[in-house]
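# Breakdown of the fold
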Amino acid sequence: MQFVTLNNGLKMPQLGFGVWQVEEEDAISVVKKALEVGYRSIDTAAIYGNERGVGEALKQSSVPRDELFITTKVWNTDQGYENTLKAFDESLEKLGLDYVDLYLVHWPTPEYDEYVETYKALEKLYHDGRVKAIGVCNFDQDHLQRLLDECEITPVLNQIECHPFLAQQELKHFGGKNDIYVEAWSPLMQGGEVLKNDDIQAIAKDHGKTPAQVIIRWHLQNETIVIPKSVTPSRIEENFDVFDFELNQKEMEKIDSLDRNERKGPIPSEMNHR
Ligand SMILES: NC(=O)c1ccc[n+]([C@@H]2O[C@H](COP(=O)([O-])OP(=O)(O)OC[C@H]3O[C@@H](n4cnc5c(N)ncnc54)[C@H](OP(=O)(O)O)[C@@H]3O)[C@@H](O)[C@H]2O)c1
């Protein structure tokens, strides 16, 4: 496993396991499988409705707590200082943990203009030792800049949609300048068209690897944190088997050139759904 060191000194596995759209009843077996394969970082969220299942898998596994890296997120309807503190207590209870490694604001929902207060609640949780690190998801530069200007703690990362068709160069550059890692959600574009791309297929063939493995490798070599999701045991293994090959510069540049600003999810500045 490769680790990155976050801006507060905490080490985080660079490759983790996402559980969006994993049903609560499936989460136990799926997360247990991921832990058996070697994943140590699990990315859930209150809105995924599976924190209890994730927690049960952690409880049943023999992996020591200090080797795990558990992320969850405060949902849009729970934004605001007091609401966020309450939502955190609920997430922690469902997960059956006494701290989480990383707590994230799920979306800025800028129309409501509550993300600064929400983030200040995350700062309190950090000072109280109930979370090891804090960060955000789906923040544009101007949202991040407001946190840098109005809050005390720099987010450790910004979790954003990122894959070869949406390379996110500007946010990566801004993150690099400000010590904020980019963590890629939908890193495989939700298993879509990008896996069928001719260039990615050709690179995969040359390495005797799959398109998904090549894309995960591209994220890793770009110093992006990456959290592919799968409920399929063979894919859970496949997506972790990425540490025995390397893409060369030409291959990296070829994949970089596929960027076409194409999203699966909403445009963050326009996402105000509650
Ligand atoms: N912060 C946010 O707003 C946000 C938004 C979206 C996602 N996320 C996080 O990011 C994680 C990953 O994103 P995601 O779940 O949207 O998409 P993803 O990881 O890009 O893709 C998952 C999809 O790809 C399929 N797949 C996985 N591995 C594959 C492989 N090796 N070959 C072919 N298909 C494969 C999966 O199918 P099967 O499961 O059927 O195998 C699933 O349908 C989420 O689970 C969640 O933790 C965060």
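Refer to the structure presented above.
Summary of the structure given here. Predicted, not measured: the structure shown is a model, and the values here were computed from it. (Residues numbered from 1 in each chain as written. Predicted model: local features only at pLDDT ≥ 70, side-chain atom pairs only at ≥ 80, totals over all residues. Heavy atoms only, no water.)

### Brief notes about the packing of aromatic side chains
Under the counting rule described, the total for this entry stands at six aromatic pairs. Ring centres of Phe-88 and Tyr-103 lie 4.8 Å apart, and the angle between their planes is 70 degrees; on these two criteria the pair is classed as edge-to-face. Placement of Phe-88 in helix H3 (residues 81-95) and of Tyr-103 in strand S6 (residues 100-105) is noted, with a sequence separation of 15 residues between them. Residue Tyr-103 is classed as buried on the basis of its relative accessible area of 0%. Note on Trp-107 and Trp-185: the rings are 6.3 Å apart at their centroids and 70 degrees apart in plane angle, and the pair reads as edge-to-face. With a gap of 78 residues between them, Trp-107 in the loop between S6 and helix H4 (115-127) and Trp-185 in strand S9 (residues 181-185) connect regions that are remote in the sequence. With respect to class, Trp-107 is no different from Trp-185; both count as buried. Put simply, the rings of Phe-17, Tyr-39, Phe-240 and Phe-243 pair up and form one aromatic cluster. Between the NZ or CZ atom of Arg-65 and the centre of the ring of Tyr-99, over which it lies, the distance is 3.9 Å. (Phe/Tyr/Trp six-rings, centres within 6.5 Å; stacked < 30°, edge-to-face > 60°. Helix = DSSP H or I, 4+ residues; strand = E, 2+ residues; numbered from the N terminus. Buried < 20%, exposed > 50% of the residue type's maximum accessible area, 1.4 Å probe, protein only. Lys NZ or Arg CZ within 6 Å of the ring centre and 35° of its normal.)

### A short note on the site of the ligand
With respect to spatial proximity, 29 residues lie near the ligand, and among them Asp-43, Ser-186, Leu-188, Ser-230 and Thr-232 are the closest. At a separation of 3.4 Å, a nitrogen atom of the ligand approaches a polar side-chain atom of Tyr-48. In the environment of the ligand, a nitrogen atom lies 2.9 Å from a nitrogen or oxygen atom belonging to the side chain of Asn-239. Protein coverage of the free-state accessible area of the ligand, which is 900 Å², stands at 88%. More than half of the atoms belonging to the ligand lie within 2 Å of the grid points that define the largest pocket. (Near = heavy atom within 4 Å. Polar contact = N/O pair within 3.5 Å; in protein donor to acceptor, adjacent residues only side chain to side chain. Areas by Shrake-Rupley, 256 points an atom, 1.4 Å probe, with all protein chains shown as cover. 1 Å grid on protein atoms, 1.4 Å probe; cavity = no way out; pocket = protein on both sides within 12 Å on 5 of 7 lines; lining within 4 Å. Sits in = over half its atoms within 2 Å of the grid points.)

Treat this as a map of the structure, not an account of what it does.
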